[in-house]
Amino acid sequence: MVTLGSPDTGTTILFFGRLADQVGRQCKVLLPAGGCTIGDLRHRLGQQDGYAALAEGTVLASADQRIVPDDHLVRSGQEIAFFSPLSGG
Amino acid sequence: MSVVARLLAVPIDPQAVLGDFLVDAQGAGAVVTFSGLARATDSDGGRIKALHLDHYPGMTEASLQAIADEGARRFDVSQVLVLHRCGTIAAGEMIVFVAAAAAHRRAAFLAADFLMDKLKTEAVFWKKEEGVDGSRWIEPTDADRADRARWSE
């Protein structure tokens, strides 16, 4: 189960690009003790009010600043981000 | 071999940068540079006031360095420089400056061309045009992807 955390608890999720305009720059979530996959996190978070844009197929994810697929396992304490497709410089 | 990639939140001074690059490139037979500027009009002819480049601190710098390193590894160059702005860039200001030095011109031309195609598609940025009628995010185009595909091995 993934739930939104309070500002003082949980793992920080960062958002960039167009997605950040839609859901904000960051939020806190409480991850399961054993972690969860990026796909599960995306799905669960996307069900929360205001986060539906996470379900868009083009949204990418990273863990500890490396782009990862939906089946990648993440745990509490990792740096996790979701973002729109890179548009380059 | 010198490979430098930097992310800058302040305007690029191309004359100063080129001067320093040429000093460091002594002994090379060719220096090729590319300057990318923020356009004043969008694809529909509308006026653009500024470009905003959102970035991911740490990941963006790493992507610039990885692209510069790949260019240096792939071509017979002696020196590579990549400077990239982030934040808000007024129309007409420089977004990116790329330079490559080599013993002969072909390698320097190819390296600069390669670096720009990679930066356009793989550098960790999100680009938003701030127009007089509002703003819009820019997504990668098929042309950008085709340019990158030219370098597929």
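Above: the structure in question.
In this report, the structure presented in the accompanying data block is examined.

The rules behind these values
Residues numbered from 1 in each chain as written. Chains lettered and ligands numbered in written order. Predicted model: local features only at pLDDT ≥ 70, side-chain atom pairs only at ≥ 80, totals over all residues. Heavy atoms only, no water. Pairing = 2+ DSSP bridges. Helix = DSSP H or I, 4+ residues; strand = E, 2+ residues; numbered from the N terminus. Axes fitted to C-alpha atoms, helices over the stretch in contact; angles between N-to-C directions. Contact = heavy atoms within 4.5 Å. Phe/Tyr/Trp six-rings, centres within 6.5 Å; stacked < 30°, edge-to-face > 60°. Buried < 20%, exposed > 50% of the residue type's maximum accessible area, 1.4 Å probe, protein only. Buried area = accessible area lost by both parts, 1.4 Å probe. Salt bridge = Lys/Arg side-chain N within 4 Å of Asp/Glu carboxyl O. Nonpolar A, V, L, I, M, F, W, Y, C, P; charged D, E, K, R; others polar. Parallel < 35°, antiparallel > 145°, perpendicular 65-115°, else oblique. Left-handed = near helix turned anticlockwise from the far one by under 90°.

1. Some points on the sheet that holds strand 6 (residues 94–102) of chain B
Residue and element names in this part refer to chain B.
Link 1 in the chain: Pairing is mixed across the open sheet formed by four strands, whose spatial order is 1-4-6-2. Because the sheet does not close on itself, it has two edges, and the strands there are strand 1 (2–8) and strand 2 (30–37). Within the sheet, the average angular offset between the axes of one strand and its neighbour, ignoring direction, is 5 degrees.
Link 2 in the chain: Sheet analysis places strand 4 (residues 77–85) next to strand 6, joined by seven bridges and oriented antiparallel. Its bridge partner being in strand 6, Val80 is matched across the sheet by Ala100.
Link 3 in the chain: Helix-sheet contacts for helix 1 (residues 14–24) involve strand 2, strand 4 and strand 6, and the interaxial angle to strand 6 is about 15 degrees.
Link 4 in the chain: Helix 3 (residues 105–122) contacts strand 2, strand 4 and strand 6 of the sheet and is inclined by roughly 150 degrees relative to strand 6.

2. Focus on the packing of aromatic side chains
For any pair of aromatic rings, the description rests on two quantities: the centre-to-centre distance and the angle between the ring planes.
Link 1 in the chain: Using the criterion set out here, one finds eight aromatic pairs over all chains in the structure.
Link 2 in the chain: Seen in terms of ring centroids, Phe15 of chain A and Tyr51 of chain A are 6.1 Å apart; in terms of plane orientation they differ by 45 degrees. Their pairing is tilted. Placement of the pair is Phe15 of chain A in strand 2 (residues 11–16) and Tyr51 of chain A in the loop between helix 2 (38–46) and strand 5 (60–63), with a sequence separation of 36 residues.
Link 3 in the chain: Where Phe83 of chain A meets Trp126 of chain B, the ring centres are 5.2 Å apart and the plane angle is 55 degrees; that geometry is what we call tilted. Residue Phe83 of chain A is located in strand 8 (residues 80–83), and its partner Trp126 of chain B is located in strand 7 (residues 125–131); the two belong to separate chains.
Link 4 in the chain: The exposure class assigned to Phe83 of chain A is buried, which follows from its relative accessible area of 0%.
Link 5 in the chain: Take Trp126 of chain B: its relative accessible area is 1%, and that puts it in the buried class.

3. Quick word on the interface of chain B and chain A
Frequently, the measure chosen for interface size is the accessible area removed from exposure when the parts meet.
Link 1 in the chain: At the interface, 22 residues of chain B touch 19 residues of chain A.
Link 2 in the chain: Contact between chain B and chain A buries roughly 1700 Å² in total, counting both sides, with carbon and sulfur atoms accounting for 54%.
Link 3 in the chain: Per-residue buried area on chain B facing chain A is highest for Tyr56, Met59 and Trp126 of chain B; these three make up 38% of the total on that side.
Link 4 in the chain: Run the count over chain B and chain A and you get three salt bridges.
Link 5 in the chain: Elements with a minimum of two residues in the side of chain B that touches chain A: strand 3 (48–55), helix 3, strand 7 and strand 8 (134–138) of chain B.
Link 6 in the chain: Broken down by class, the residue content of the side of chain B that touches chain A amounts to twelve nonpolar, four polar and six charged.

4. Brief notes about the packing of helix 3 of chain B against helix 4 (residues 142–149) of chain B
Residue and element names in this part refer to chain B.
Link 1 in the chain: Their axes nearest at 9 Å, the elements helix 3 and helix 4 cross at an angle of 135 degrees. Compared by their axis directions, helix 3 and helix 4 come out oblique. For the crossing formed where helix 3 meets helix 4, the hand is left-handed. Judged by residue contacts, Asp117, Lys120, Thr121 and Glu122 of helix 3 engage Asp144, Arg145, Asp147 and Arg148 from helix 4.
Link 2 in the chain: Of the residues belonging to the contact of helix 3 with helix 4, the class tally is no nonpolar, one polar and seven charged.

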